[in-house]
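Here is how the chains run, residue by residue.
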Amino acid sequence: DNTYVPVKKESPEMKANAEKVEKKSTDISSIFTPEQLKVLAEAKSKGVDIRKIANPKLSAKRMKTIADIEADGKNGEQINNPDFGEAEFDYLAANIKIGVDVSQVLNPAYTVMQMTVILAGIMEGLDINKYSNPSLPYEIMAQRRRDMLDAAWCDDLGIIEGTKYV
């Protein structure tokens, strides 16, 4: 039988692209754990841009939390940082989920208590720059916030300077 069978020749470019694809698929499974890969696949199926959650240094649980936030249309990518402690990560995630702007407390050096004092000051309209320093214990931060509130109330009520309004 002299039937002509075309032979498909691979161009060097095609071969290089095939090798890149093969390498990428090999690389991703060597970078992420099976649990992380599952989270990435689920996130992708929900329309989440997986570049925002893909961090091999994060646990699968954290990646899922960020993916859920992103799927809700909120910015979970801002907490894609393995340096946050567990409590701080959970605190930030909970606040983002309810619509709180956490951009001023995204320093992994802050504790949950410090973050709380800073966010309270923001909601009260205070100049948080006067006490938002991760090296300050939260008790000092809280006292500075209270002093600023006292001063603001005294100014608003016309109370004589130097007296305490409680």
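Source: prediction; values computed, not measured. (Residues numbered from 1 in each chain as written. Predicted model: local features only at pLDDT ≥ 70, side-chain atom pairs only at ≥ 80, totals over all residues. Heavy atoms only, no water.)

A.B. asks: Would you take a moment to explain the packing of helix α4 (residues 86-97) against helix α5 (residues 112-123) for this structure?
C.D. replies: Think of two packed helices as two axes; the pair is described by the angle between the axes and how far apart they sit. At a closest axis distance of 9 Å, the pairing of α4 and α5 adopts a crossing angle of 30 degrees. If you check the angle between α4 and α5, you find them roughly parallel. Taking contact as the criterion, the partners of A87, E88, Y91, L92 and N95 in α4 are, on α5, V112, M115, T116 and L119. Partitioning the contact of α4 with α5 into residue classes produces 6 nonpolar, 2 polar and 1 charged. (Axes fitted to C-alpha atoms, helices over the stretch in contact; angles between N-to-C directions. Helix = DSSP H or I, 4+ residues; strand = E, 2+ residues; numbered from the N terminus. Parallel < 35°, antiparallel > 145°, perpendicular 65-115°, else oblique. Contact = heavy atoms within 4.5 Å. Nonpolar A, V, L, I, M, F, W, Y, C, P; charged D, E, K, R; others polar.)

A.B. asks: I keep staring at the side chain of E70 and nothing clicks. Help me out?
C.D. replies: Within the secondary structure layout, E70 lies in helix α3 (residues 60-71). Under the relative-accessibility criterion, E70 is labelled buried at 14%. A polar contact is formed between the side chain of E70 and the backbone nitrogen of E77, at a distance of 2.9 Å. Those residues in contact with E70, other than ones at most four positions away along the chain, are V48, K52, N75, G76 and E77. (Buried < 20%, exposed > 50% of the residue type's maximum accessible area, 1.4 Å probe, protein only. Polar contact = N/O pair within 3.5 Å; in protein donor to acceptor, adjacent residues only side chain to side chain.)

A.B. asks: Looking at this structure, I do not really get the packing of α3 against α4. What am I missing?
C.D. replies: Packing of α3 against α4 leaves a shortest axis separation of 10 Å and a crossing angle of 15 degrees. Comparing their axes, α4 and α3 come out roughly parallel. Classified by chirality, the crossing of α4 by α3 is left-handed. Contacts between α3 and α4 involve K61, R62, T65, I66 and I69 on the former and, on the latter, E86, F89, A93, I96 and K97. (Left-handed = near helix turned anticlockwise from the far one by under 90°.)

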